[in-house]
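# Structure at a glance
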Amino acid sequence: MAAALVLGAAAPTVSAHAQTPPKVDTTVVLKSSGSALEFLPARISVKNGRRVRVRYTNEGTLPHNLAFAKSEDDLDALASAAYGAAATGFIPPEFKDKLIAFSGLVSPGQTVELTFVVPPPGEYPFICVFPGHANMMNGTLRSLR
Ligand SMILES: [Cu+2]
């Protein structure tokens, strides 16, 4: 259970259980609403190297999760493996090292925050890995120079 809450890219000196939240350079807000399988906005841009806090609120009626992947190439296999990963919020444990950061399952009405350092310049996909959602429920994190 606790494993689902561990961030993919925690700072070396700040534990996930620290009393004071880690300092962040910028906060990005994502949401989804109704029964739509989408993240709003679907494109976000942050300067590389910044510590970003992504605050995701599920205003919808379906459960979702949120995973930022290091590479587009892993998405199909990740989405397939998710069907067998209900015990870990549909994040397959064997994919954790392919993710920049990920949440547990986010029920309707819940908000989660992921904090991570934005990787080198480029585009990184984020998706909901809940079974059947990934094809439509995705977006792009653009890491700026
Ligand atoms: Cu979803």
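## Remarks on the pairing of strand β7 (residues 122-127)
In the sheet, strand β4 (residues 67-69) pairs with β7 via two bridges, with the strands oriented antiparallel. From the neighbouring strand, A67 faces β7, where its bridge partner is I127. Examined bridge by bridge, β7 and strand β8 (residues 138-144) share six bridges and lie antiparallel to one another. Bridge pairing in β8 links G122 to S143.

## A short note on the coordination of the copper ion
The copper ion binds to the protein through H64 (ND1), C128 (SG), H133 (ND1) and M137 (SD); the donor distances cover 2.0 to 2.6 Å. Spacing between the donor residues of the copper ion along the chain follows H-x63-C-x4-H-x3-M. Taken together, the positions of H64 in the loop between β3 (51-60) and β4 and H133 in the loop between β7 and β8 put the pair 69 residues apart, joining distant regions of the chain. Given the relative accessible area of 0%, H64 is considered buried.

## Quick notes on the sheet that holds β4
Within the open sheet, the five strands sit side by side as β2-β8-β7-β4-β5. Their pairing is mixed. Strands with a single pairing partner mark the edges of an open sheet, and in this sheet they are β2 (43-47) and β5 (99-102). When strand polarity is set aside, the average angle formed by the axes of neighbouring strands in this sheet is 20°.

Criteria and cut-off values
Residues numbered from 1 in each chain as written. Predicted model: local features only at pLDDT ≥ 70, side-chain atom pairs only at ≥ 80, totals over all residues. Heavy atoms only, no water. Pairing = 2+ DSSP bridges. Helix = DSSP H or I, 4+ residues; strand = E, 2+ residues; numbered from the N terminus. Donors = N, O, S within 2.8 Å, 3.2 Å for Na, K, Ca; no water. Buried < 20%, exposed > 50% of the residue type's maximum accessible area, 1.4 Å probe, protein only. Axes fitted to C-alpha atoms, helices over the stretch in contact; angles between N-to-C directions.

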